[in-house]
Each structure stands twice: as C-alpha cells, then as structure tokens.
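# Coordinate analysis (summary)
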Amino acid sequence: MPHHGLRQIERNPYTAVYHDSLQQLVALKRSSLHYPSIEVLEQNFDRLEQALGVVSRHRSVLLVDARDAPFRNDDKFDEPFARRHARLVQGFKKMAVILRSAVGVLQVGRITKGSLQPVSTFTKPEDALLHLGVQLDLNQL
C-alpha cells in the first residue's frame, strides 16, 4: 500500500532522505559508496542536517536503512562519524537502524556506544518498522 506522504527531501551520492509527515517518519537510505575523505563525510552530514531542519524531531521517528552501507573498520573515520551521527539523530522520538548482518550490528553498537540517544539495530526490516510503529515499502526508498 503506497503512502502518499513519503517524499524525498535530500539526495546525494551517499544518502537519500525521505519524510512522511502523515506517519511522522524520517527515512535515511545509505548508498554503497565509500566516503573518500573525512571532509566529504562532514559535508554529507551538513547536507543531511540542513534537510532535516524542516522536521519536527521530537514528534518524529527515524529509520536508517544502512544495509548497503560499506563496511569500514577505520578508527580515523569512527570518531567523526560517531560525533556527527549522534548530532543528526538527536531529538527523535525513536530510532531504528536496519543492517545486513550481525557484523554491521556490532559495528554500529561500537560507534554509537557513547550516544545519548538509544540506537535500536535490526537485521530484519519488518522488526525495525514494527519497533517504530510505521508502515513502509522499503523498495520506495
């Protein structure tokens, strides 16, 4: 069942951002493209934060589909990513991250360990949607 409330509010080579005002849902879909540098990572997060400026975070839930995100075991990226990620997700009512594997779940757990916002991770998309209380055809992203 299509949700006519879903609209794209940002797209770049690394991330697409969608907003469904009917369900108070923000969905981020991460592409498989590696960040070539920390500067590019920072620029991408700047664009995401600007796009999310239109969203009432305290009333919205956040779904991050990171199944295609490239695996990275790189300490110099972890700190800036963790810092920017924490700032990006701050204030949302609830958050869920969909990952492809248990290894991805462990990586996100490690990166978000000090986060103020609890990050719920899932390998089954339907569990993430259930956790957030929303309906979404992920093929729309």
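Residues numbered from 1 in each chain as written. Predicted model: local features only at pLDDT ≥ 70, side-chain atom pairs only at ≥ 80, totals over all residues. Heavy atoms only, no water.

### Re the sheet that holds strand E6 (residues 120-122)
- Across the sheet, which stays open at both edges, the six strands sit in the order E1-E2-E3-E4-E5-E6 with mixed pairing between neighbours. Two strands in the sheet have a free side with no partner beyond their single neighbour: strand E1 (6-11) and E6. Sheet twist, expressed as the mean angle between neighbouring strand axes with direction ignored, is 20°.
- Across five bridges, strand E4 (residues 61-65) lies against strand E5 (residues 94-98) in parallel orientation. For valine 64, the partnering residue across the bridge sits in E5 and is valine 97.
- Helix H1 (residues 38-51) rests against E1, strand E2 (15-20) and strand E3 (25-30) of the sheet, and its axis sits at about 145° to E1. (Pairing = 2+ DSSP bridges. Helix = DSSP H or I, 4+ residues; strand = E, 2+ residues; numbered from the N terminus. Axes fitted to C-alpha atoms, helices over the stretch in contact; angles between N-to-C directions. Contact = heavy atoms within 4.5 Å.)

### Some words on the layout of surface pockets
- There is about 660 Å³ of room inside the largest pocket.
- For the largest pocket, the lining is made up of 36 residues, of which Arg30, Ala66, Ala69, Pro70 and Phe81 are closest to its centre.
- Where the lining of the largest pocket is concerned, the elements lending two or more residues are E3, H1, E4, helix H2 (75-89) and helix H3 (102-111).
- Among the elements that take part in the lining of the largest pocket, H2 stands out by supplying six residues, more than any other.
- Each residue belonging to the lining of the largest pocket can be placed in one class, and the counts come to 20 nonpolar, eight polar and eight charged. (1 Å grid on protein atoms, 1.4 Å probe; cavity = no way out; pocket = protein on both sides within 12 Å on 5 of 7 lines; lining within 4 Å. Points joined across faces, edges and corners; volume = space filled by probe spheres on them. Nonpolar A, V, L, I, M, F, W, Y, C, P; charged D, E, K, R; others polar.)

### Brief notes about the side chain of arginine 57
- With respect to the helices, strands and loops of the structure, arginine 57 is situated in the loop between H1 and E4.
- Among buried Asp, Glu, Lys and Arg side chains, arginine 57 stands out as unpaired, with glutamate 49 the closest opposite charge at 5.6 Å.
- Sequence-distant contacts of arginine 57, defined by excluding residues within four places in its chain, comprise Leu52, Arg87, Leu88, Val89, Gln90, Gly91, Phe92 and Lys93. (Buried < 20%, exposed > 50% of the residue type's maximum accessible area, 1.4 Å probe, protein only. Lys, Arg positive; Asp, Glu negative; His and termini not counted. Salt bridge = Lys/Arg side-chain N within 4 Å of Asp/Glu carboxyl O.)

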